[in-house]
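Chains, contacts and geometry: an overview
Below, each chain spelled out in residue letters.
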Amino acid sequence: MSGRQADAFVFFGATGDLAHKKIFPALHRLTRGGRLDVPVIGVARGGWNLEKLRERARESVERNAGFDRDAFEKFSRVLRYVGGDYDDPATYAALRKELGDAKRPVFYLAIPPALFGTVVGRLHDARCDQGARVVVEKPFGRDLVSARELSRILHGCFDEKRIFRIDHYLGKNAVQNLVYFRFANAFLEPIWNRNYVRSVQITMAERFGLEGRGAFYEQAGAIRDVVQNHMLQVLTNVAMEPPVGNEDVEAVRDEKVKVLKAIPPLVPGNVIRGQFQGYRKEPGVSPASTVETFAALRIDIRSWRWQGVPFFIRAGKHLPLNRVEVVVSLHRPPPIFAVPLPLTVSAVPGANYIRFRLGPDLAIALGTMVKRPGEEFAGDRLELLASHQPAPVESDAYEQLLGDALRGETFRFARQDYVEEAWRIVDPVLKAEPPLFTYEPGTWGPREADALVAPERWHDPAPAPDPPGTS
């Protein structure tokens, strides 16, 4: 859709946890940067007032965003409040009044998906949806059937170009840099295919556990929580073809969907599920829970570029550290140097690789082999660090995404066909529930996951950020 600037921003769930942690800080940053000067209307259930909402916003900004007095005073002047039940027509009559002459409002539904149908229907009844955009938070369903039902509800009032499915992972600079680095550097394209690439590994390691979210996690699990969305987003950025043209943002989203269409549905034999020891004792978790806190998958892409190249995904909680990395391993070159027999491991050239660290810090590195000093004609692995940046402020992703929604820019949002293809891929193993293996907290998951990548091994991220320069 053309980037017409919105003339109002309305967010439902204004007193909730998401608003406190992410939305208020992002709106504050947008105001400070001079990118938000339209009415901001918070909608929540009754019992609040505008002054109380301003206090809540100030507390949020002071804790999460770096308080700027002038910016917050400006934000306070545009902040409005509408209280009432989400199913009460009076709530939407009050909202219509607050919107005034606004013709292009953005409605952000920071509420449970079960309420989407109610809110969207009431917005339509009150004629608030005309010319509007709607922003919805993940999860976009919990399987293919529910994703399609959610789409049906939203499309009842909004066409696809006015629906913005927000996932903060798409707003991360490091995830976007995967696409930029691939297509802005000519040296990559000749080797970015099955002729040179041996395998691709994507790891999302979380050192922490549930952090009080046991009841939520019981309804999700690792595959629904991060694999179906975050990890497949990273995979499509690695595997997509160059988009056609440089002005049509839909061309980029088209290429990502093509990648997913080339992936057959997962089968249980290509999935290892794990659960950390002690999970069933967490508050809100069933003593007999079979929900996975770890998942390792092998994915094959049936395309000309990637046929025969395995893509391995690994994600889990209570792993040794917090890291998100992509490692693209190249085929080993044949040994051509005269070396004493029998060959030792150090004498055989290792595989080159390109490593992208996507979080918490950002890095791009190249794995190489160099000759060891001395008379012995043997080599050592050396990693050349091409780029390293400290960890960015997490809320920057929401600042980027809310700014995009206000401008009507769809590039960083998930399209419905993408969502449905992602669910199609994981649906079979969600229903089949492959065997569950336990693992000790602080390890890299169940040992059974090692067999998935054999005869290779998992590339475990380094325990510390790379220093500036060569490591």
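Structure's up top.
So, how was this worked out
- Residues numbered from 1 in each chain as written.
- Predicted model: local features only at pLDDT ≥ 70, side-chain atom pairs only at ≥ 80, totals over all residues.
- Heavy atoms only, no water.
- Disulfide = S-S within 2.5 Å.
- Buried < 20%, exposed > 50% of the residue type's maximum accessible area, 1.4 Å probe, protein only.
- Pairing = 2+ DSSP bridges.
- Helix = DSSP H or I, 4+ residues; strand = E, 2+ residues; numbered from the N terminus.
- Axes fitted to C-alpha atoms, helices over the stretch in contact; angles between N-to-C directions.
- Parallel < 35°, antiparallel > 145°, perpendicular 65-115°, else oblique.
- Left-handed = near helix turned anticlockwise from the far one by under 90°.
- Contact = heavy atoms within 4.5 Å.
- Nonpolar A, V, L, I, M, F, W, Y, C, P; charged D, E, K, R; others polar.
- 1 Å grid on protein atoms, 1.4 Å probe; cavity = no way out; pocket = protein on both sides within 12 Å on 5 of 7 lines; lining within 4 Å.
- Points joined across faces, edges and corners; volume = space filled by probe spheres on them.
- Phe/Tyr/Trp six-rings, centres within 6.5 Å; stacked < 30°, edge-to-face > 60°.
- Lys NZ or Arg CZ within 6 Å of the ring centre and 35° of its normal.

Using the criterion set out here, one finds zero disulfides in the structure. As a non-bridged cysteine, cysteine 128 has cysteine 157 as the owner of its nearest cysteine sulfur, 11 Å distant. Judged by its relative accessible area of 1%, cysteine 128 falls in the buried class.

Across the sheet, which stays open at both edges, the six strands sit in the order β3-β2-β1-β4-β5-β6 with parallel pairing between neighbours. Looking at strand neighbours, the two that pair on one side only are β3 (79-83) and β6 (163-166), the edges of this open sheet. The mean angle between the axes of side-by-side strands here comes to 20°, regardless of whether they run parallel or antiparallel. Summarising the sheet, strand β2 (residues 40-44) and β3 pair through five bridges and their orientation is parallel. The residue bridging glycine 42 from the neighbouring strand is tyrosine 81, located in β3.

Close contact between helix α10 (residues 249-261) and helix α12 (residues 416-432) brings their axes to 9 Å; oriented N to C, the two are set at 20°. On the basis of their axis angle, the class for α10 and α12 is roughly parallel. You can see that α10 and α12 cross each other, and the crossing is left-handed. In this structure, α10 uses Lys256, Val257, Leu260 and Lys261 to contact α12, whose residues at the interface are Asp417, Tyr418, Glu421, Ala422, Arg424 and Ile425. Per-class residue counts for the contact of α10 with α12 are five nonpolar, no polar and five charged.

Okay, the layout of surface pockets next. Here the second largest pocket defines a volume of roughly 520 Å³. Together, 24 residues line the second largest pocket, and Val327, Tyr353, Arg381, Arg457 and His459 are the ones closest to its centre. Looking at the lining of the second largest pocket, the elements that each hand over two or more residues are β11 (323-330), β12 (353-359), β13 (362-371) and β14 (379-389). Split into classes, the residues belonging to the lining of the second largest pocket amount to nine nonpolar, five polar and 10 charged.

This paragraph deals with the sheet that holds strand β15 (residues 436-439). Read from one edge of the open sheet, nine strands run β14-β13-β12-β11-β7-β10-β9-β8-β15, paired in mixed fashion. Of all the strands in the sheet, just β14 and β15 have a single pairing partner and so form its edges. Mean inter-strand twist for the sheet, computed between neighbouring axes without regard to direction, equals 20°. In the sheet, β12 pairs with β13 via five bridges, with the strands oriented antiparallel. Bridged to tyrosine 353 within β13 is glycine 367. The strands that helix α7 (residues 173-184) touches are β12, β13 and β14; relative to β12, the one it contacts most, it runs at about 150°.

Enumeration over the complete set of coordinates arrives at 16 aromatic pairs. Here phenylalanine 72 and phenylalanine 75 contribute two aromatic rings whose centre-to-centre distance is 6.2 Å and whose plane-to-plane angle is 50°, an arrangement assigned as tilted. Residue phenylalanine 72 and its partner phenylalanine 75 are both found in helix α3 (residues 69-78); the two are separated by three residues, about one turn of the helix. Both residues of the pair, phenylalanine 72 and phenylalanine 75, count as buried. Each residue in the set Phe9, Phe11, Phe24, Phe67, Phe72, Phe75 and Tyr108 is aromatic and connected to the rest through ring pairs, giving one cluster. Between lysine 52 and the ring centre of tryptophan 48, over which it is positioned, the NZ or CZ distance is 4.7 Å.

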